[in-house]
Amino acid sequence: MTPPAPRQAPADAPPHADTVHSVKRALDILRMLSFNASSSGMRFSDLQAQSGLSKGTLHRLLKSLVSEGFVEQAAGSRVYYLGLEFLSLGERAANRLDIRAVTQPSLERLAQLTSDTVMLTIRSGLDAVCIDRKEGTFPVKVLTQNVGTRRPLGVGSGSLALLAALSDEEVENVLRRNATRLAPYPSVTAGALREAVSDARQRGYAFNPGHLLKGMYGIGVTIFLARQPVAALSVAAHYGRMDADRRRQIAEHLRHEAARVTQELGSK
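Not measured: the values here are computed from a predicted model.

### Brief notes about the environment of threonine 189
Here's step 1: Assignment of secondary structure puts threonine 189 in the loop between helix H7 (168-178) and helix H8 (190-203).
Here's step 2: On a C-alpha basis, the gap between threonine 189 and valine 155 in space is 9.6 Å, while along the polypeptide they are 34 residues apart.
Here's step 3: Separated by 3.0 Å, the side chain of threonine 189 and the backbone nitrogen of alanine 192 make a polar contact.

### A few points about the side chain of serine 106
Here's step 1: In this fold, serine 106 is placed in helix H5 (residues 99-114).
Here's step 2: Classification of serine 106 by relative accessible area gives buried; the value is 2%.
Here's step 3: Within the structure, serine 106 has its side chain in polar contact with the side chain of glutamate 257 (distance 2.7 Å).
Here's step 4: Setting aside residues up to four positions removed in sequence, serine 106 forms contacts with Glu257 and Val261.

### Description of helix H3 (residues 55-67)
Here's step 1: The terminal C-alpha atoms of H3 lie 18 Å apart, and with 13 residues this matches the ideal 18 Å at 1.5 Å per residue to within 8%.
Here's step 2: Every buried residue of H3 is accounted for by Thr57, Leu58, Leu61, Leu62 and Leu65. Each buried residue of H3 sits inside an arc of 125 degrees when the element is viewed along its axis, so together they form one side. Every exposed residue of H3 that faces more than 90 degrees away from the buried side is listed here: Lys55, Gly56, Lys63 and Ser67.

Rules of the game
Residues numbered from 1 in each chain as written. Predicted model: local features only at pLDDT ≥ 70, side-chain atom pairs only at ≥ 80, totals over all residues. Heavy atoms only, no water. Helix = DSSP H or I, 4+ residues; strand = E, 2+ residues; numbered from the N terminus. Polar contact = N/O pair within 3.5 Å; in protein donor to acceptor, adjacent residues only side chain to side chain. Buried < 20%, exposed > 50% of the residue type's maximum accessible area, 1.4 Å probe, protein only. Contact = heavy atoms within 4.5 Å. Expected span 1.5 Å × (residues − 1). Arc of directions from axis to C-beta.

That's the geometry; what it means functionally is another story.
Set out below in structure tokens:
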């Protein structure tokens, strides 16, 4: 009797969990390279220490990324860089989603509505980077960060909003890898950030009660595209202008503008 043919998985069956895990690990490697890689690149040993992967797994993933052009290996060494294919994709994405141009009207409206300082923040590897800022008319200015300021994810209201938008697994990965980098911020520990992430998810906005500069509070809301966090809008002000009622009012303005940006980005 002829044995039955093996059952074929449907064409639209979800990818195997191992495949999904490998993809996440590969993306994690790219993020590490995007944050750390400089003219000297990153050594294999450093990548292994930061990723927590075994030598065999890391070698296999790097080999695949190199073969596809997303990572380059320096000749005769175990030093790795972001490849030209990755940089090319990033450039094309930046051209399509010019987040600064799209959010410019939102920053101006928020500055007019609140009279306070409004910031636009994006994620860069393990960090959040301020890429735009608009100052309101209130005489006391909050100048906790300039355009280009880079801080570990979770430090600051916009940065915290981005961290809270990640999965629990990603949050723990970020906190583990940023543990030593939080030292310059005594009020910001891994444990405090876990609580802040939980609070932000419950409230629907991130709140920074003066962790960066005493007496200066901040509120942040994430901008999503295809359910993925792409940026955050935040408002910073003197604590006297941040009572509970006004915080909720500002958060509503931020959510409204974040929804506008998401809609516009999705239509491009």
